[in-house]
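Listed below, chain by chain, are the residues.
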Amino acid sequence: MPDRTTPVLEVHGLRKRFPGQRSLMDVIRRRPPRDVTAVDGVSFDVLPGEVLALVGESGCGKTTTGNLLLGLLPATEGQVILGGQHVGGLSHRELLRLRRNVQMIFQDPYESLNPRMPVREIVAEPLRVHGVARTAAEAEARVREALEQAGLKPAEAYLHRLPFELSGGQRQRVVIAAALALRPSLLVADEPVSMLDVSIRADILNLLRSLADEHGISVLMITHDLSTVAAYADRIAVMYLGRIVEIGDARTVLRDPQHPYTRALRSVVPVPDPNARRRPVILAGETPDPSRIPSGCRFHPRCPVAFEACPQVDPRLYDLGGGHGAACLLLDPDYRPAKPISESGAVAPEPA
Amino acid sequence: MTALVEIQAPATTPTYVARGALHSLIRRPMGAIGLTMLLVAVAVAILAPVIAPYDPYKNIQVTVFDLYAAPSPAHLLGTDHRGHDVLSSLIYGTRVSLIVGFSAASIALLIGGVVGIVAGYRGGWIGASLMRFTDFFLVIPDLALQIVIIAIAGPSLLNIILVIGALGWTTTARLVRSQTLSVRERKFVMRARAIGAGDLHILRRHVLPQVLPLMLANMVLVISLAILEESTLAFIGLGDPTLISWGQMLNFAFGRSAMSAGAWWALIPPGLAIVWVVLGTTLLGTALEEVLNPRLKRHHLERERVGPRRLLPGARLRDATAPPAGTRDPLPVSIPREGSSVPLLSVRDLVVEFDSPTGPLRAVDGVSFDLRRGETIGLVGESGSGKTTTVLAMLRLLPPGGRVVGGQVLFDGEDLLALPPAELRAVRWSRLSIVFQGAMNALNPVRTVGDQVAEAIRTHQPGMGRRATAARAAELLERVGISGRRARDYPHTYSGGMRQRAMIALALACDPDVIIADEPTTALDVMIQAQILELLARLSNELGMATIMVTHDLGVVGQRCDRVVVMYGGIVAEEAEAYRLYAHPQHPYTQALLASFPDLSHPDRKLVGIAGVPPRLDNMPPGCPFAPRCPHVFDRCLAERPPAFPLSHERRASCFLVEPGHERPTATPDVARPVAEGADA
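On a predicted model such as this, the values are computed, not experimentally measured, just so you know.

> Quick one: what's the story with unusual backbone geometry, residue by residue and with numbers?
Here the bond from A:Lys153 into A:Pro154 is cis, since omega is -10 degrees, no more than 30 degrees from zero. Positionally, A:Pro154 belongs in the loop between helix 5 (136-149) and helix 6 (156-159). Look at B:Arg396: it is not a glycine, yet its phi comes out positive at around 55 degrees. By the element assignment, B:Arg396 lies in the loop between helix 15 (387-394) and strand 4 (402-411).

> Summarise the confidence of the model for chain B; cite the residues concerned and give the values.
Residue and element names in this part refer to chain B. Within chain B, residue pLDDT values average 81, and 86% of them lie at 70 or more. Summarising per-element confidence for chain B, the mean pLDDT is lowest in helix 14 (residues 302-305) (32) and highest in strand 9 (residues 563-568) (94). Note that pLDDT drops below 50 for residues 666-681; the model gives that stretch 36 contacts with residues more than four away or on any other chain. Reported for the predicted complex are a pTM of 0.78 and an ipTM of 0.85.

> Please set out the sheet that holds strand 4 (residues 77-82) of chain A residue by residue, giving values where relevant.
All names here are of chain A. The strand order across the open sheet formed by four strands is 2-1-4-5, and the pairing between neighbours is antiparallel. In the strand order of this sheet, the two ends are held by strand 2 (36-46) and strand 5 (85-86), each with one partner. Judged from the five bridges that link them, strand 1 (residues 9-18) and strand 4 form a sheet pairing that is antiparallel. Bridge pairing in strand 4 places Arg 15 opposite Glu 77. Lying on the sheet, helix 2 (residues 62-69) is in contact with strand 1, strand 2 and strand 4; it crosses strand 2 at an angle near 65 degrees.

> So what's going on with the pairing of strand 9 (residues 235-240) of chain A? Which residues, and what values?
Residue and element names in this part refer to chain A. Most of strand 9 sits out of view: six of its six residues are buried. The alternating pattern of strand 9 places Arg 235, Ala 237 and Met 239 on one face and Ile 236, Val 238 and Tyr 240 on the opposite face, and all of these are buried. By the bridge criterion, four bridges tie strand 3 (residues 51-55) to strand 9 in an arrangement that is parallel. The residue of strand 9 that forms the bridge with Leu 52 is Arg 235. Where strand 9 lies against strand 10 (residues 243-249), six bridges are found, and the strand directions are antiparallel. The residue of strand 10 that forms the bridge with Ile 236 is Gly 248.

> Describe in detail the confidence of the model for chain A, supporting the description with residues and values.
Residues and elements named next belong to chain A. Taken over all residues, the pLDDT of chain A has a mean of 87, while the share at 70 or more is 95%. Across chain A, strand 9 holds the top mean pLDDT of 96, while helix 1 (residues 24-28) sits lowest at 75. Between residues 342-352, whose pLDDT stays under 50, and residues either more than four places distant or in other chains, the model counts 13 contacts.

> Give me helix 4 (residues 119-130) of chain A: which residues, what numbers.
Looking at helix 4 of chain A, one finds that the buried residues are A:Val119, A:Ile122, A:Val123, A:Ala124, A:Glu125, A:Pro126, A:Leu127 and A:Val129. If you follow the buried residues of helix 4 of chain A, they end up packed against helix 5, helix 6 and helix 7 (168-180) of chain A together with helix 9 (187-195) and helix 10 (199-238) of chain B. Once helix 4 of chain A ends, the next one or two residues include A:Gly131, with phi positive near 55 degrees.

> Any chance you could break down the nonpolar core for me, citing the residues and the numbers?
Among the nonpolar cores identified, the biggest contains 294 residues, and A:Ala53, A:Val123, A:Ala177 and B:Val453 are the most heavily contacted of them. In terms of residue count, helix 10 of chain B provides more of this core than any other element does, 19 residues in total. The residues touching A:Val123, leaving out its near neighbours within four places in the chain, are A:Val143, A:Ala146, A:Leu147, A:Val174, A:Ala177, A:Ala178 and A:Ala181.

> Give me the lowdown on the interface of chain A and chain B, citing residues and values where you can.
Taken together, the 67 residues of chain A in the interface contact 64 residues of chain B. Secondary structure elements with two or more residues in the side of chain A that touches chain B: helix 3 (92-99), strand 6 (102-105), helix 4, helix 7, helix 8 (198-215), helix 9 (226-232), helix 10 (250-255) and helix 11 (260-268) of chain A. Looking at the side of chain A that touches chain B, the element that brings in the most residues is helix 8 of chain A, giving eight residues. Residues belonging to the side of chain A that touches chain B are distributed by class as follows: 35 nonpolar, 16 polar and 16 charged.

> Describe the sheet that holds strand 6 (residues 432-435) of chain B, naming the residues involved and giving the relevant values.
Residue and element names in this part refer to chain B. The strand order across the open sheet built from eight strands is 6-7-8-3-9-10-12-11, with neighbouring strands paired in mixed fashion. Of all the strands in the sheet, the pair left with one neighbour each is strand 6 and strand 11 (645-647). This sheet shows a mean twist of 20 degrees between the axes of neighbouring strands, independent of strand direction. Strand direction decides the pairing type here: strand 11 and strand 12 (residues 651-653), joined by three bridges, are antiparallel. Residue pairing for strand 12: Leu 647 is matched across the bridge by Arg 651. Contacts from helix 19 (residues 496-508) reach strand 6 and strand 7 (514-518) within the one sheet, and its direction differs from that of strand 6 by about 170 degrees.

> Quick one: what's the story with the pairing of strand 2 (residues 361-371) of chain B, residue by residue and with numbers?
Every other side chain in a regular strand lies on the same face of the sheet, so the side chains alternate between the two faces. Residues and elements named next belong to chain B. For strand 2, the buried fraction is high: 10 of the 11 residues fall into the buried class. In terms of strand pairing, strand 1 (residues 345-354) meets strand 2 through eight bridges, oriented antiparallel. When the sheet's bridge partners are listed, Val 351 is paired in strand 2 with Asp 365. Between strand 1 and strand 2, which pair antiparallel in sequence order, lie six residues; one of them, Gly 359, sits at a positive phi of approximately 110 degrees.

Basis of the calculations
- Residues numbered from 1 in each chain as written.
- Chains lettered and ligands numbered in written order.
- Predicted model: local features only at pLDDT ≥ 70, side-chain atom pairs only at ≥ 80, totals over all residues.
- Helix = DSSP H or I, 4+ residues; strand = E, 2+ residues; numbered from the N terminus.
- pLDDT = per-residue confidence, 0-100.
- Contact = placed C-beta atoms within 7 Å.
- Pairing = 2+ DSSP bridges.
- Axes fitted to C-alpha atoms, helices over the stretch in contact; angles between N-to-C directions.
- Buried ≥ 20, exposed ≤ 12 C-beta atoms within 10 Å, placed from the backbone.
- Core = buried A, V, L, I, M, F, W, Y, C linked by C-beta atoms within 7 Å.
- Nonpolar A, V, L, I, M, F, W, Y, C, P; charged D, E, K, R; others polar.

Here it is as structure tokens:
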């Protein structure tokens, strides 16, 4: 049994700013470039054998966060600690060694496999890049092991196939096998099933779950789909405009969300049950442009329960006990709305 | 049961693919002819000393009568100004032409390849300055510069090769750069980077294999250019004087008055030889480009492509009035509904086929359902289930190659499939409109949104004045939640959700009775999805519209639809009122689909996927389309297609298990899943 208390990954105050594009007119008018802060101070950790879901709508910064963790993008600020080691300040070599522990699973299994490479080479590629397997026999053994671990049994049946000969589900399994070849401690899965047929999705998600349960491999699942999170994640971190607004045990957060955004998001997820009683809180408008993050609480312009303090004060993440935290001023005893929030604006608790 | 879903595809190796490319090259007439022509030239060059009757490089004693001697048995193509055999010179000239062609092309390819790959892969200021450098070379008149350089450096063979090579790389560089650019952005390169691979690895293993075939095709074309340029240089007297080349032969023939001497044999053969090689390489190069240029943008919908995209020439959208396929049993007409009026729209036994090289493929096979006034029904299915084809066929909007071969679509008592085109157009859109899948990208980018809505109104109500139309357009946009001010904006300033709203406004332009929404919220965020679904629900309430929602999302259907039609493999697997369907699914596919679908309100339920994949059109099981994946399959399912059995409560299901009188197998629980998890082959 692996040690389940030391996090495999710790992220502290991660920030990513993309320099804004200036048009010729902007330069002539001497308008300063408007930077886009895609990730704005994100902190979380992932324990061994845990599935943590990073949830949010498009543009919330969840994919950028994943890319930062994998070093696909350089972070502007913040610390990433992998297996107890700070990632910043490592030599290229040490970094490469450390990176073996984190592997990525992409969204589109139709695009993320080189169409000219047979499965064997795709799965062996990480071994080759990291110079892990010393002999061809060893590499072969690890490729087979990874394929079978990813549920492609018997491995021989798949080794020589090209991606176009595989179904979507099988391709995603090949992607997972390639990620498993290096025996990583953490998988970052960016929308791993959204491109797959509905009937195939559960199998892939069950596979990821069993990798966590049986092999102690942690999974950071980046997704927009709360239903999937509810069924597969241990913990959930809800992101809005580059920030984590609520984090905690998945069941707790989804049963009793504390942040108004989480509540709204949860209330609009379609449920395959026509009898379910729902009071959806449909937020007006869309997520604001990340180059113009609103003042104070970044959610306040769309928040149904916003009050006077919200446009001024940027709330920190308030600890609600049991690892549950939410960034909403309503949770702070120092700030109270002057008058009680109107019944229409208030978010009624979801009937269970 | 396992045997049904065994892996069928044979092991395939990369050489198989390479051989496939060569094979398809030869199968093209252009490729076969070009390759033969080039191979003949190469063989002649290599075998020159053997096949040439004389050695043109040997000094010979000649008399006046030997100069420009007409063709004779001794000199098949006559002699030239020196009294040498033209045929032998021609044969030896092949060597120079080909050497110059291949060497110069290799140099050009090397320079162009490196410049293109660096410019494409590195990008940034390096890429930009490399491309400006390339542009600079591109606009210099090659020939003029070549003449200058050769005149200065001297016309040796090496100089000629270098000059042609050094000036001929620009097209290659541009081609390679654009290819590299597109490969660099592809997901598998991103994945390699995520693994931790460095630039060298990515270039060698991912970029080069995608770029090299293109370079090979390009090289053949560059060879023909190089040969042409060498001939040109030689013709104007800048060839290597110690060597015999075709251009050289022409140069001397012209210079030494072959024309006035009437010695056509000194002029025409070298000219034809140049044409021969250049034509051969061009043909080969063009064919190679067609074969090797990887269809980089291979779409992820390959499975669906089997049907609609692989088309026979000449197969066009036919007005689908063909008689129904004769031998089919008439499907039971939709279940009569007690107390309900005549349905507004009734699809009866619809059959749609697509042409394919192997014969017609049936995409929709006897689909029937009804839509009543004001009702919302959901057409649910996975990719390839035939749901989109069904709605397209209903409106006679099938892509070329697809046609309705049977059935009726009764709209207010009239068969849409039998209407003359003009009347059909009147019904389409004004009474029956459709919001297409990915419709938010279907707005014209160079016209304002308000304009486009107004246009839809004008098309169907030509009498309306300009001002009235504009007012109506603004009103429609307001109705879908877009302020009138935004009507004057262009689509690119709209977000995805707003574009989808605009498309709905377009669909509403003529107060339709039925709106068909094909995956109206796919690719939208969940909050935007909720907004759009609420909008559709509100509109159908306010305007009394009936809605057909085509989707793969059981959640959306469960939330918004009165009745659900579950499609699988081109047939209706099950139809029922939504709440009954979700509470007691009857068809094993519906059961399995619900078991695989996550439900936020029941997070503890363990989800189970369905083994196997949906059937392909070109490989449809003879019996029940779901049989290969069905946990309850028995012999009859494999042989016979189950008809739709009517059940109580206005339901029906196409499964022998629900057939009246069928005894349910007792031991169903153990046959939970036919195969191991991985084998979704």
